[in-house]
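# Structural overview
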Amino acid sequence: MATEHVDVLVVGAGLSGIGAACHLELERPGTSYLLLESRAALGGTWDLFRYPGIRSDSDMFTLGYSFRPWDEATSIADGPSIRRYIEDTAREYGVTGKIRYHHRVLSAEWSTADGRWTVTAERTDTGETVQLTCSWLSVCSGYYRYDEGFRPSFAGEERFGGQLVHPQHWPEDLDVTGKRVVVIGSGATAVTLVPNLAEQAEHVTMLQRTPSYVMSLPSRDPLAQWLRTRLPARIAYPVVRWKNVLTATALYQLSRRRPATVRKMIRRLTEKQLPGFDVDTHFNPPYDPWDQRLCLVPDGDLFRALRRGKASIVTDRIAGFTEDGIELASGEHLPADVVVTATGLNLLPAGGMTIAVDGEQVELADTVSYKGMMLSGVPNFAMVIGYTNASWTLKADLVNGYVCRLLDHMDAHGYVSATPLAPPEGADAPFLDLAAGYVQRSLAGLPKQGGRAPWRLHQNYLRDVAVMRRGPLEDEGMTFQPRVPAGARTVATAGRTGA
């Protein structure tokens, strides 16, 4: 039986993958494509995570797609609302029928002779192995492991008589009513869980080793609400979107250039939310703003839980678990019935699939990123990695639109493939410039970036808009290979085989 072939194969049916398919529908009608999704449903992150209060820490006017306005009242949306938005988008743009569920991609092998990828996937429902071929491969599987979060082991945890839970695998039947809960961690997941668990629990303690910067953000955007009563959504949406992009960019740039100023500003805001609280101990990180991602809390819900006494923060190190709680390095004991280990993620670039070009295995760490989306020496391949300092979808939209531009350019000039080159001077800068633990633990397995365009990853939407939407497709970092006539390809292949 002939192997099924499509023009474009998209790996992943989450926010990025559905966006990639919609861009193809909008900008390259007639292009054949499929999406391979390892899980049983679309939505990616927003279908996987089901812990209480799961929400975005980015506003939906920038986390939403550029081509489909977010029309709900809330700007900071919960997980189910985001999942519905993705589902509705897939249905509206005719993408739903192109998704193959239960297909976990194991490997992709490029053949220069054939000008195509052979992709091998495992059916997670039947165990069957299937193969497809494609001319272009877009990996939109995010960059962390879906089956396993980061979970350090703690001394004596086997003695703990309560329940240990990781947010990535939240039990549907977990009831914390009247219980003492300790949430280990200080990142986005922890600051989301604490106020939500505090609504039912007897008390919730956020146990952190290192504080984070936490800022309150209105759950509803005042400008969006005002514009919606006066303008059509297609006009109001981009106005609010750009307002939020510019505001976030300005804060990030100020953080990098004048970190002391931003630190003081965040401290003043925190003191206003928590008068009389020990801010020096619990909200005073030893690093500068945006060395790690800022934690945003809608309408100050974390601060409100702390003010009401329903939650508290302890900044200390864990000495070990006891039968009924956690022993701290200071000697203090935290009683607990439930301990939630909001200790982070494990990265898994390219969904863990292996990549080969003409029989040679590609090690991601040996490649150089081109425009933050392609890899040196790997033809007809894009990998969507969103921003670390802004909404993921801003970058995903740019990458998916750029792929369409590149495919149009290749068709117009008769090219069969586009292959990035590494910079002649070499490259050794880390792919992601973020001090977060989940990034630092995984840098050795990620591509490198160069010191200049087009190999530099700017983490700057304004600069990327100019490059990705309007910049040249032919530059010193890209090579194009012409389409070889069928007869010439047969002769060339036979010659190599006989060698």
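Since this is a predicted model, take the numbers as computed values, not measurements.

Right, let's talk about the overall build of the chain for a bit. Along its length, the chain carries 14 helices and 25 strands. For 499 residues, the compact-globule estimate of 2.2 N^0.38 gives 23 Å, and the C-alpha radius of gyration of the chain, at 24 Å, lies within 12% of that figure. Dimensions of the chain, computed from C-alpha atoms along their principal axes, come out at roughly 80 × 55 × 45 Å. Residues counted as buried form 52% of the 499 residues belonging to the chain. When contacts within the chain are restricted to residue pairs at least 6 apart in sequence, long-range pairs at least 24 apart make up 71% of them.

The next point concerns a nonpolar patch on the surface. A grouping of Leu231, Ile235 and Val239 is seen on the molecular surface, where their side chains present a nonpolar patch of about 200 Å² in accessible area. Here Ile235 is to be found in helix α7 (residues 233–257).

Turning our attention to the sheet that holds strand β8 (residues 180–184). Strand order in the open sheet formed by five strands is β7-β16-β8-β9-β12, with parallel pairing between adjacent strands. The sheet terminates laterally at β7 (163–165) and β12 (311–315), the two strands that pair on one side only. The average angle at which neighbouring strand axes cross in this sheet is 20°, direction not considered.

Here the focus is the sheet that holds strand β13 (residues 318–322). Pairing is antiparallel in the open sheet, where three strands are placed in the order β13-β14-β15. Strands with a single pairing partner mark the edges of an open sheet, and in this sheet they are β13 and β15 (333–335). Geometrically, the sheet is characterised by an average inter-axis angle of 20° between neighbouring strands, direction not taken into account. Taken together, the four bridges between β13 and strand β14 (residues 325–328) define a ladder with antiparallel strand orientation. What sits directly across from Phe321, in β14, is Ile326.

Further remarks concern the confidence of the model for the chain. Model confidence for the chain is summarised by a mean pLDDT of 91, while 94% of its residues fall at 70 or above. Predicted confidence is poor over residues 489–499, with pLDDT under 50, and the contacts of this stretch with residues over four places away or in other chains come to four contacts.

A few words now on the packing of α7 against helix α13 (residues 461–470). Between α7 and α13, the shortest axis-to-axis distance is 10 Å and the interhelical angle comes to 120°. Our classification of the angle between α7 and α13 gives oblique. Counting all contacts with α7, which are made through Arg241, Trp242, Val245, Leu246 and Thr249, the residues of α13 involved are Tyr461, Leu462 and Val465. When grouped by side-chain class, the residues that make up the contact of α7 with α13 number six nonpolar, one polar and one charged.

In the structure shown here, the tally under the stated rule is 21 salt bridges. Between Glu25 and Lys98 there is a salt bridge; the shortest N-O distance is 3.9 Å. Of this pair, Glu25 sits in helix α1 (residues 15–27) while Lys98 sits in the loop between α4 (79–92) and β3 (99–100); the two residues are 73 residues apart in sequence, bridging distant segments of the chain. Among the salt bridges present, the one from Arg68 reaches Glu92, with a minimum N-O distance of 2.8 Å. On the criterion of sequence distance, the pair formed by Arg68 in the loop between α3 (60–63) and α4 and Glu92 in helix α4 is long-range, its members being 24 residues apart. When salt bridges with common partners are traced through the structure, they connect Arg39, Asp47, Arg50 and Arg83 into a single cluster.

Here we come to the nonpolar core. Ile18, Trp117, Leu137 and Val183 are the most contacted members of the largest nonpolar core, which has 131 residues in total. It is helix α11 (residues 392–413) that provides the largest number of residues to this core, a total of eleven residues. Setting aside chain neighbours within four positions, we find Leu137 in contact with Leu9, Val11, Ala108, Trp117, Val119, Met353, Asn380, Phe381 and Ala382. Of all hydrophobic cores here, the second largest spans twelve residues; its members include Leu207, Phe321, Leu328 and Ala336.

So, on to the packing of α1 against α4. Orientation of α1 relative to α4, taken along the N-to-C sense of each, is 20°, at an axis distance of 10 Å. What the angle tells us is that α1 and α4 run roughly parallel. Crossing geometry of α1 relative to α4 is assigned as left-handed. Mapping the contact onto sequence places Leu15, Ile18 and Cys22 in α1 and Ile86, Thr89 and Ala90 in α4. Residue composition of the contact of α1 with α4, by class: five nonpolar, one polar and no charged.

Each value, and the rule that gives it
Residues numbered from 1 in each chain as written. Predicted model: local features only at pLDDT ≥ 70, side-chain atom pairs only at ≥ 80, totals over all residues. Heavy atoms only, no water. Helix = DSSP H or I, 4+ residues; strand = E, 2+ residues; numbered from the N terminus. Rg over C-alpha atoms; globule rule 2.2 N^0.38 Å. Buried < 20%, exposed > 50% of the residue type's maximum accessible area, 1.4 Å probe, protein only. Contact = heavy atoms within 4.5 Å. Patch = residues over 30% accessible without salt bridge, like charges linked within 9 Å, V, L, I, M, F, W, Y side chains within 5 Å. Areas by Shrake-Rupley, 256 points an atom, 1.4 Å probe, with all protein chains shown as cover. Salt bridge = Lys/Arg side-chain N within 4 Å of Asp/Glu carboxyl O. Pairing = 2+ DSSP bridges. Axes fitted to C-alpha atoms, helices over the stretch in contact; angles between N-to-C directions. pLDDT = per-residue confidence, 0-100. Parallel < 35°, antiparallel > 145°, perpendicular 65-115°, else oblique. Nonpolar A, V, L, I, M, F, W, Y, C, P; charged D, E, K, R; others polar. Core = buried A, V, L, I, M, F, W, Y, C linked by side-chain atoms within 4.5 Å. Left-handed = near helix turned anticlockwise from the far one by under 90°.

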